[in-house]
Amino acid sequence: MDVEEVDPVSGRKTTGHVWNGIKELDTPIPRGVLLFLIVTHVFAVLWWFLMPTWPLGATYTKGLLGSDQKSTVEETLRDANAARVPWSKQIETMSYDEIRADEQLMVKVRSNGHQLFGDNCAACHGRDGKGGRNYPDLTDDDWIWGGGPERIAQTLTVGVNSRHPDSRVGQMPAFGRDEMLDRQQVSDVAAYVRALSDPSTSTAANIAQLDKGREVFVTTCVACHGENAKGNPELGAPNLTDQHWIYGGSLQTIIDTIHGGRQGHMPTWDERLTPVEIKVLALYVNALGQKEP
């Protein structure tokens, strides 16, 4: 049972509570703490009346000051849009070559293009544009559908294998799975294709297989990739003679590609981005693939 008593040292009454031999004094709360609590409560009540606070069904009390974060954000966006109008008009009306020749405009392109790329393209191509497995590297200046900002802008607008009526359409057939080539033919042409980009894999031991693979390539692959195997941007057929591979350039990966086929997908951005934003993004992406002097 709690017993009231007076502390012989301080002369204050105790609360009668004892913890581990320590007796609690009946000391009042400091006035500073009480004052702080009073001020915060008064401030809260004033804030309820000054700022938007109370929900009222589909709306809310607007507050005596008539200020809210939504209005602040809207005002900031209006100011930002107004600041973009002058150079946006220039980009809208000028040609790509004229824009690239104007260093001040290119500063705007690089700044805004970087943000647009991060918001819309980085999920697949990476923040640095180097892509990842199954996604193209945009920094190597090797373009499936052709480089240059005009071609890139067209790809951004209509997409690849997208739902856009003018979409670019490209597909690597499944030569093995659909039984257009037998297993040995797939292996032979895969070895030949790998040797096109990596001549060190061509040896005296496999020269007969490479000859057979070349025969398969001529009868099966030339229509898209060309007799020199350097691809066709009009068809989205990649160059097979370089070291740039979307799905990987190992022998087994090439075999998998020939056997099962490939069909990439590039979304259409004409509904999400404005024509000026697409133009800026095309210029930015094109610059990613160009080496700085």
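An account of the accompanying structure is given in this report. Per-chain numbering applies: the sequence of each chain, read as written, is numbered from 1 onward. The model is predicted, so local features are restricted to residues of pLDDT at least 70 and side-chain atom pairs to those at 80 or more, both for listing and for counting; the totals for chains, interfaces and linings are taken over all residues. Heavy atoms throughout the structure, all of them, feed into the side-chain values; hydrogens and water do not.

### Description of the pairing of strand 2 (residues 22–25)
Then step 1. Two strands form a pair only when DSSP identifies at least two bridges running between them. Each helix is a run of DSSP H or I of at least 4 residues and each strand a run of E of at least 2, with the numbering of both proceeding from the N terminus. Note that strand 1 (residues 14–19) and strand 2 share 3 bridges and pair antiparallel. Its bridge partner lying in strand 2, Trp 19 is registered against Ile 22.
Then step 2. Between strand 1 and the antiparallel strand that follows it, strand 2, lie 2 residues; Asn 20 among them carries a positive phi value of about 50°.

### Here we look at unusual backbone geometry
Then step 1. Its identity is not glycine, yet Asn 20 carries a phi of approximately 50°, on the positive side.
Then step 2. In this fold, Asn 20 is placed in the loop between strand 1 and strand 2.
Then step 3. Under the scheme applied here, a residue whose accessible area is under 20% of the maximum for its type counts as buried, over 50% as exposed, and between as partly exposed, the area being computed with a 1.4 Å probe on protein chains only. Taking relative accessible area as the criterion, Asn 20 reaches 82% and is therefore assigned exposed.
Then step 4. Positive phi outside glycine occurs at Asn 161, with the angle close to 50°.
Then step 5. On the accessibility criterion, Asn 161 (17% relative accessible area) is buried.

### Brief notes about the environment of Ile 207
Then step 1. Take Ile 207: it is sitting in helix 8 (residues 207–220).
Then step 2. Owing to a relative accessible area of 40%, Ile 207 belongs among the partly exposed residues under this scheme.
Then step 3. Residues Ile 207 and Tyr 192, 15 residues apart in the sequence, show an inter-C-alpha distance of 9.3 Å.

### Examining the packing of helix 4 (residues 103–120) against helix 11 (residues 275–288)
Then step 1. Between N-to-C directions, angles cover 0 to 180 degrees, with each direction set by a line fitted to C-alpha atoms, over the stretch in contact for helices. Two elements in contact, helix 4 and helix 11, have axes whose closest approach is 8 Å; the angle formed by their N-to-C orientations is 95°. Compared by their axis directions, helix 4 and helix 11 come out roughly perpendicular. Two secondary-structure elements touch here, helix 4 through Val 109, Arg 110, Asn 112, Gly 113, His 114, Leu 116 and Phe 117 and helix 11 through Glu 277, Val 280, Leu 281, Leu 283, Tyr 284, Val 285 and Leu 288.
Then step 2. Ten residues, namely Ala, Val, Leu, Ile, Met, Phe, Trp, Tyr, Cys and Pro, are considered nonpolar, four, namely Asp, Glu, Lys and Arg, are considered charged, and the remaining ones, Gly among them, are considered polar. Looking at the contact of helix 4 with helix 11 residue by residue, the classes come out as 9 nonpolar, 3 polar and 2 charged. Orientation labels follow simple angle bins: below 35 degrees gives roughly parallel, above 145 gives roughly antiparallel, 65 to 115 gives roughly perpendicular, and whatever is left gives oblique. Note on contacts: a residue pair qualifies if any of its non-hydrogen atoms lie within 4.5 Å across the two residues.

### Looking at the pattern of salt bridges
Then step 1. Salt bridge, as used here, is a side-chain nitrogen of Lys or Arg placed within 4 Å of a carboxyl oxygen of Asp or Glu. As enumerated under the stated definition, the model contains 6 salt bridges in all.
Then step 2. Between Glu 103 and Arg 110 there is a salt bridge, with its nearest N and O atoms 2.3 Å apart.
Then step 3. Overall, Arg 110 belongs to the partly exposed group, its relative accessible area being 39%.
Then step 4. The salt bridge partner of Arg 163 is Glu 271, with a shortest N-O separation of 2.9 Å. With Arg 163 in the loop between helix 6 (149–158) and helix 7 (183–197) and Glu 271 in the loop between helix 10 (251–260) and helix 11, this pair connects stretches of sequence that are 108 residues apart.

### Describing the side chain of Thr 155
Then step 1. Positionally, Thr 155 belongs in helix 6.
Then step 2. On the accessibility criterion, Thr 155 (12% relative accessible area) is buried.

### Observations concerning the side chain of Ser 197
Then step 1. For Ser 197, the position within the fold is in helix 7.
Then step 2. Beyond its immediate chain neighbours, meaning those up to four positions away, Ser 197 contacts Leu 240, Thr 241, Asp 242, Gln 243 and Trp 245.

### Quick notes on helix 10
Then step 1. Listed as buried for helix 10 are Thr 253, Ile 254, Ile 255, Thr 257 and Ile 258.
Then step 2. Next to the buried residues of helix 10 lie helix 7.
Then step 3. One or two positions beyond helix 10, positive phi appears at Gly 261, with a value near 75°.

### Side note on the packing of aromatic side chains
In this description, a pair of aromatic rings is defined by centroid distance and the angle of the planes.
Then step 1. Centre distance within 6.5 Å is the pairing criterion for rings of Phe, Tyr and Trp, where only the six-membered ring of Trp is used; planes under 30 degrees apart are then read as stacked, over 60 as edge-to-face, and the remainder as tilted. One pass over the full model with this rule turns up 4 aromatic pairs.
Then step 2. Centre to centre, the rings of Trp 48 and Trp 54 are 5.2 Å apart; their planes meet at 65°, and the pair counts as edge-to-face.
Then step 3. Under the relative-accessibility criterion, Trp 54 is labelled partly exposed at 43%.
Then step 4. Consider the rings of Phe 117 and Tyr 284, whose centres lie 5.8 Å apart with planes at 55°: the pair is tilted. Pair noted here: Phe 117 is in helix 4 and Tyr 284 is in helix 11, with a separation of 167 residues, a long-range link.
Then step 5. A relative accessible area of 1% places Phe 117 in the buried class.
Then step 6. By definition, being over a ring means that NZ of Lys or CZ of Arg is both within 6 Å of the ring centre and within 35 degrees of the ring normal. Over the ring of Tyr 247 we find Arg 262; its NZ or CZ atom is 4.3 Å from the centre of that ring.
Then step 7. Across the ring face of Tyr 96, the terminal group of Lys 279 is positioned such that the distance to the ring centre comes to 5.3 Å.

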